[in-house]
Amino acid sequence: MNWLALRMLTGDKSKYLSLILSITFATLLMSQQVSIFMGVVERSASQIIDVRDADLWVMDSKVRYIDEAPFLPNNDLQRVRGVPGVEWAVRFHKSSATARLPDGNFRNVMLLGVDDATMVGSPRRMVLGELSDLNRANAVFIDKAGYEYMWPGEPFQLGREFHINDRRVVLMGICKASPPFTTLPILYSRFTEVERFFPTNRNLMNYVLAKAMPGQDPHQVCQAIEQQCGLMALTQDGFFWKTIDYFMSSTGIPINFGITIGLGFIVGAAVAGQTFYLFTLENLKQFGALKAMGVTNARLISMILLQASVVSGIGYGLGMGTTAIFFTFTNRIAPMAGIHLNLVAAIGVGLAVVIIILLTSLFSLRKVLFLEPAVVFRG
């Protein structure tokens, strides 16, 4: 019976291909938009993920997300260090700056200032150069995508000189970093170098990065910091989700992507449902003949579900493959995009395809279950 079900499915090539293409298109549209959505949302907090040494972030009590953090007085660092349960605490700077290239062009960059002594917050994946090179005078590191943006088409080269806020810097390292939400080049420098870039600013510490003592609950240490210092203290995971919640609730990103994802689901369900329903109607006589020969409803249901499973499996595979090819070429053309096919998106879209197939099968099953075997004898 399974062989017969597959022969019925592939008998009409045009409808068979239409079913597969409808699922392929729905899968492509949904997986592409879901992956882009998840990539964009994750990028909003990517710099939090890149800090691997600290598990606590301390900031002003009114901070809503990572890019909106006022500077803190320098004595807040000592106050955090004095909280019971804190093993160590260091200062951290994050801001925007203007880089002036030797040819006169300028680029806006994201500037990160790490602690001179411990290098907490510095990159850990170097493409060119060594982490110790950041200790040199006027030294900065840049992320790989940022280098390709500032010097497009040129080979990696250390020792390049340019200016940040009219201060000379020397490129001493190229690293890998998670792409930021604004797709700006990311520059790493020591905190004392940052003070040279902004000589008129008295306070340049946005965050205090800290680590809880072994055996201490980081959440309890955060509460102690808030009670003793009057600052907001969050774990890395807590700050990550706080930043994402801000973008989800305060921007139009979820609505815009949600509309596109919903349209992909509706279009896929409508086209696949209509095509599969018409396919079932045209094969009613064959199903009636099977009923007349004593085939049970349960067996007919399994035949239809097999047909739907084959169509959905092929369509889902083609859709995911097309999405992967799309992102591969997109990242080659625009490396700063940094968007990839997300595993969670692939699983979620797979569940959506299953729902589409179940819905389309239900419409078809109604006709088959209430079919009279005598239909085979009608003209």
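Above this note sits the structure.
Quick caveat, the model's predicted, so the values are computed rather than measured.

Draft legend 1. Layout of the overall build of the chain. Tallying secondary structure elements over the chain gives 12 helices and 10 strands in all. In the chain, buried positions account for 46% of the 379 residues. Carbon and sulfur atoms make up 60% of the accessible area of the chain, which amounts to about 18,100 Å² in all.

Draft legend 2. Main features of empty space enclosed by the protein. The final tally for this structure, using the stated rule, is 3 cavities of 30 Å³ or more. The computed volume of the largest cavity comes to approximately 80 Å³. Every residue along the wall of the largest cavity is listed here: Asp50, Arg52, Ser122, Pro123, Arg124, Arg125, Lys176, Ala177 and Tyr188.

Draft legend 3. Region of interest: the pattern of salt bridges. Tallied over the entire structure, the rule returns 13 salt bridges. Between Asp55 and Lys211 there is a salt bridge, and its shortest N-O distance comes to 3.7 Å. Of the two residues, Asp55 is situated in the loop between α3 (46–50) and β1 (56–59) and Lys211 in strand β9 (residues 207–212); the sequence distance between them amounts to 156 residues. Salt-bridge contacts for Lys94 lead to Asp67; the nearest nitrogen and oxygen are separated by 2.4 Å. Here Asp67 lies in the loop between β1 and α4 (75–81) and Lys94 lies in strand β2 (residues 86–100), a separation of 27 residues in the sequence.

Draft legend 4. Seen up close, the environment of Ile225. By the secondary structure assignment, Ile225 is in helix α7 (residues 218–229). For Ile225, a relative accessible area of 0% corresponds to the buried category. When the C-alpha positions of Ile225 and Val80 are compared, they lie 6.5 Å apart, and in sequence the two are 145 residues distant.

Draft legend 5. Seen up close, the layout of surface pockets. Estimates place the volume of the second largest pocket at around 200 Å³. Lining the second largest pocket we find 18 residues, and of these Ile66, Asp67, Lys94, Ser96 and Met110 sit closest to its centre. The element that contributes the greatest number of residues to the lining of the second largest pocket is β2, accounting for 3 residues. Looking at the lining of the second largest pocket residue by residue, the classes come out as 9 nonpolar, 6 polar and 3 charged.

Draft legend 6. Geometry of a nonpolar patch on the surface. Together, Val127, Leu128, Phe156 and Leu158 give the surface a local cluster of nonpolar side chains, amounting to about 260 Å² of exposed area. Judged by relative accessible area, Leu128 falls into the partly exposed class, the value being 32%.

Draft legend 7. Local environment of the side chain of Thr27. As for its placement among the helices and strands, Thr27 is situated in helix α2 (residues 13–43). If we skip the residues at most four places from it in the chain, Thr27 touches Gln32, Gly315, Tyr316, Gly319, Met320, Thr323, Val349 and Val353.

Draft legend 8. How the structure looks around the packing of aromatic side chains. As enumerated under the stated definition, the model contains 12 aromatic pairs in all. Between Tyr65 and Phe247, the aromatic rings sit 5.5 Å apart at their centres with planes inclined by 80 degrees, giving edge-to-face as the arrangement. Placement of the pair is Tyr65 in the loop between β1 and α4 and Phe247 in helix α8 (residues 236–250), with a sequence separation of 182 residues. As far as burial versus exposure is concerned, Tyr65 and Phe247 are alike and both buried. Relative to Phe327, the ring of Phe326 lies with its centre 5.3 Å away and its plane at 70 degrees, an arrangement referred to as edge-to-face. The class for Phe326 is partly exposed, based on a relative accessible area of 34%.

Draft legend 9. How the structure looks around the pairing of strand β7 (residues 167–175). The buried fraction of β7 amounts to 7 of the 9 residues, a majority that puts the element mostly inside the structure. Sheet analysis places strand β4 (residues 126–128) next to β7, joined by 2 bridges and oriented antiparallel. Residue pairing across strands places Leu128 opposite Ile174, the latter belonging to β7. The pairing of strand β5 (residues 139–143) with β7 spans 5 bridges and is parallel. When the sheet's bridge partners are listed, Phe141 is paired in β7 with Gly173. As paired elements, strand β6 (residues 161–164) and β7 share 4 bridges and run antiparallel to each other. Bridge pairing links Glu161 to Val170 in β7. Turn length for the β6-β7 hairpin, with the two strands adjacent in sequence and antiparallel, is 2 residues, and the turn residue Asn165 shows positive phi of about 50 degrees.

Draft legend 10. Fine view of unusual backbone geometry. A positive phi angle, close to 65 degrees, is found at Asn138, a residue other than glycine. Within the secondary structure, Asn138 sits in the loop between β4 and β5. Classification of Asn138 as buried rests on a relative accessible area of 17%.

Draft legend 11. Structural view of α8. Look at α8: 21 Å from first C-alpha to last across 15 residues, which is about the 21 Å you get at 1.5 Å a residue. Turning to α8, its buried residues are Phe239, Phe240, Thr243, Ile244, Tyr246 and Phe247. End-on view of α8: buried residues confined to an arc of 150 degrees, all on one side of the axis.

Draft legend 12. Structural view of the nonpolar core. If you look at the biggest cluster of nonpolar residues, it comprises 39 residues, and the most contacted ones within it are Val80, Ile142, Trp151, Phe162, Ile164, Val208 and Ile225. Those residues within four positions of Val208 in sequence are excluded, and the remaining contacts are Leu56, Trp57, Val58, Leu72, Leu77, Val80, Ala89 and Val90. The next biggest cluster of nonpolar side chains, apart from the first, holds 37 residues, and it includes Val40, Met119, Leu134 and Val170.

Conventions we followed
Residues numbered from 1 in each chain as written. Predicted model: local features only at pLDDT ≥ 70, side-chain atom pairs only at ≥ 80, totals over all residues. Heavy atoms only, no water. Helix = DSSP H or I, 4+ residues; strand = E, 2+ residues; numbered from the N terminus. Buried < 20%, exposed > 50% of the residue type's maximum accessible area, 1.4 Å probe, protein only. Areas by Shrake-Rupley, 256 points an atom, 1.4 Å probe, with all protein chains shown as cover. 1 Å grid on protein atoms, 1.4 Å probe; cavity = no way out; pocket = protein on both sides within 12 Å on 5 of 7 lines; lining within 4 Å. Points joined across faces, edges and corners; volume = space filled by probe spheres on them. Salt bridge = Lys/Arg side-chain N within 4 Å of Asp/Glu carboxyl O. Nonpolar A, V, L, I, M, F, W, Y, C, P; charged D, E, K, R; others polar. Patch = residues over 30% accessible without salt bridge, like charges linked within 9 Å, V, L, I, M, F, W, Y side chains within 5 Å. Contact = heavy atoms within 4.5 Å. Phe/Tyr/Trp six-rings, centres within 6.5 Å; stacked < 30°, edge-to-face > 60°. Pairing = 2+ DSSP bridges. Expected span 1.5 Å × (residues − 1). Arc of directions from axis to C-beta. Core = buried A, V, L, I, M, F, W, Y, C linked by side-chain atoms within 4.5 Å.

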